Amino acid sequence: MQIISSSIGNYIIRNCKNDDLSSVIDVNVNTLPENYTNYFYETLLTELPEAFLVAEISDKCVGYIMCTMEYGFSNFKKLGFVKKGHVVSIAVLENHRGRGIGTALITGALFGIKSKKCDELYLEVRCSNEIAVKLYEKLGFVVKNMLKTYYKDGEDAYLMAIEFNY
Ligand code: ACO
Ligand code: ZN
């Protein structure tokens, strides 16, 4: 596995471990309406630990990013069948935002996803989530599609993606 470890100020960005999952779930429940079963978190950690990262400070988990990998149609090449990484979820606790943790988590996940030789990485984001959309654009993602009524509450999503050239 590609080991990821970096720091910004006193925050550490590193691969998630099984013991971290309960605090990852706490961060998710406190930040996003899209929540998942414990089993789903365990599966993502087992299947793609390279791109399941946490941010911590003083041994407290304050953010995470988790991804999956799949084969499917390219978001860039017409009729191309490619290996795609998928950011399932990223979040940082409100009190810790705006300090570069989100940027560092995505940068780390990009590294982990590339270590698996994916051709692309994509994600869905609420059209109203301007902060997240801007952050993804800053890191090279582009809006490829709009998914109507994607969320349970009826909101639309942007499908955003980034292509890798090795
Ligand atoms: N607070 C924090 N940052 C702000 C604010 C604010 N009130 N307003 C604007 N920003 C900007 C910052 O200036 C920064 O831009 P910059 O890089 O140009 O300086 C950017 O937002 C935040 O960048 P980071 O500090 O790297 O990211 P942060 O640690 O704040 O995390 C995140 C960003 C994860 C999107 C966070 O806002 C969050 O957890 N939001 C709630 C959950 C969420 O929406 N997740 C994404 C859902 S889509 C998906 O999961 C695929
Ligand atoms: Zn998704």
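Going by the structure above, here's the rest.
Here the structure is a predicted model, which means the values were calculated and not measured. (Residues numbered from 1 in each chain as written. Chains lettered and ligands numbered in written order. Predicted model: local features only at pLDDT ≥ 70, side-chain atom pairs only at ≥ 80, totals over all residues.)

Engineer: Explain the site of ligand 1 here, please?
Structural biologist: Near ligand 1 there are 21 residues, and of these Arg97, Gly98, Ile101, Gly102 and Thr103 occur at the shortest range. Ranked by the residues each element gives to the shell around ligand 1, the list is headed by strand β5 (residues 81–92), at five residues. A per-class count over the shell around ligand 1 returns eleven nonpolar, seven polar and three charged. (Near = placed C-beta within 6 Å. Helix = DSSP H or I, 4+ residues; strand = E, 2+ residues; numbered from the N terminus. Nonpolar A, V, L, I, M, F, W, Y, C, P; charged D, E, K, R; others polar.)

Engineer: Is there a simple way to think about helix α1 (residues 21–31) in this case?
Structural biologist: Within α1 the residues assigned to the buried category are Leu21, Val24 and Val27. The buried residues of α1 occupy an angular sector of 115 degrees when projected down its axis, which confines them to one face. In α1, those exposed residues whose orientation departs by more than 90 degrees from the buried face are Ser22, Val29 and Asn30. Here the buried face of α1 lies against α2 (38–47), β3 (53–57), β4 (60–73) and β5. (Buried ≥ 20, exposed ≤ 12 C-beta atoms within 10 Å, placed from the backbone. Arc of directions from axis to C-beta. Contact = placed C-beta atoms within 7 Å.)

Engineer: Is there a simple way to explain the sheet that holds strand β1 (residues 5–8) in this structure?
Structural biologist: Strand order in the open sheet made by the eight strands is β1-β2-β3-β4-β5-β6-β8-β7, with mixed pairing throughout. The open sheet is flanked by β1 and β7 (142–147), the only strands paired with a single partner. Strand-to-strand twist across the sheet, computed as the mean angle between neighbouring axes with direction ignored, equals 25 degrees. Examined bridge by bridge, strand β2 (residues 11–15) and β3 share four bridges and lie antiparallel to one another. Paired with isoleucine 13 across the bridge in β3 is alanine 55. (Pairing = 2+ DSSP bridges. Axes fitted to C-alpha atoms, helices over the stretch in contact; angles between N-to-C directions.)

Engineer: Any chance you could explain the nonpolar core here in plain terms?
Structural biologist: Residues Leu53, Tyr64, Ile65, Cys67, Leu105 and Ala109 are the most contacted members of the largest nonpolar core, which totals 42 residues. Mapped by element, the contributors of at least two residues to this core are α1, α2, β3, β4, β5, α3 (101–115), β6 (120–126) and β8 (157–163). In terms of residues, this core owes the most to one element, α3, which gives seven residues. Beyond its immediate sequence surroundings of up to four residues, leucine 105 is in contact with Ile13, Leu53, Ala55, Gly63, Ile65 and Ile90. (Core = buried A, V, L, I, M, F, W, Y, C linked by C-beta atoms within 7 Å.)

Engineer: What's the story with unusual backbone geometry in this structure? I'm lost.
Structural biologist: The phi torsion of most residues other than glycine is negative, and most of the peptide bonds are trans. A positive phi angle is found at serine 58, which is not glycine, with a value near 45 degrees. Within the secondary structure, serine 58 sits in the loop between β3 and β4. A positive phi angle is found at threonine 149, which is not glycine, with a value near 50 degrees. Mapped onto the fold, threonine 149 is located in the loop between β7 and β8.

Engineer: Hey, could you run me through α3 in this one?
Structural biologist: For the α-helix, the turn length of 3.6 residues means that residues three or four positions removed from each other point alike. Over its 15 residues, α3 runs 21 Å from end to end, which matches the ideal 21 Å to within 8%, given 1.5 Å per residue. For α3, every residue scored as buried is listed here: Ile101, Gly102, Ala104, Leu105, Ile106, Gly108, Ala109, Leu110, Gly112 and Ile113. (Expected span 1.5 Å × (residues − 1).)

Engineer: Would you take a moment to explain the environment of isoleucine 162 for this structure?
Structural biologist: The topology assignment puts isoleucine 162 in strand β8. What makes isoleucine 162 buried here is the crowd of 21 C-beta atoms within 10 Å. Remark: the alpha-carbon pair of isoleucine 162 and valine 142, spanning 20 residues in sequence, is separated by 6.5 Å. Sequence-distant contacts of isoleucine 162, defined by excluding residues within four places in its chain, comprise Glu120, Leu121, Gly140 and Phe141.

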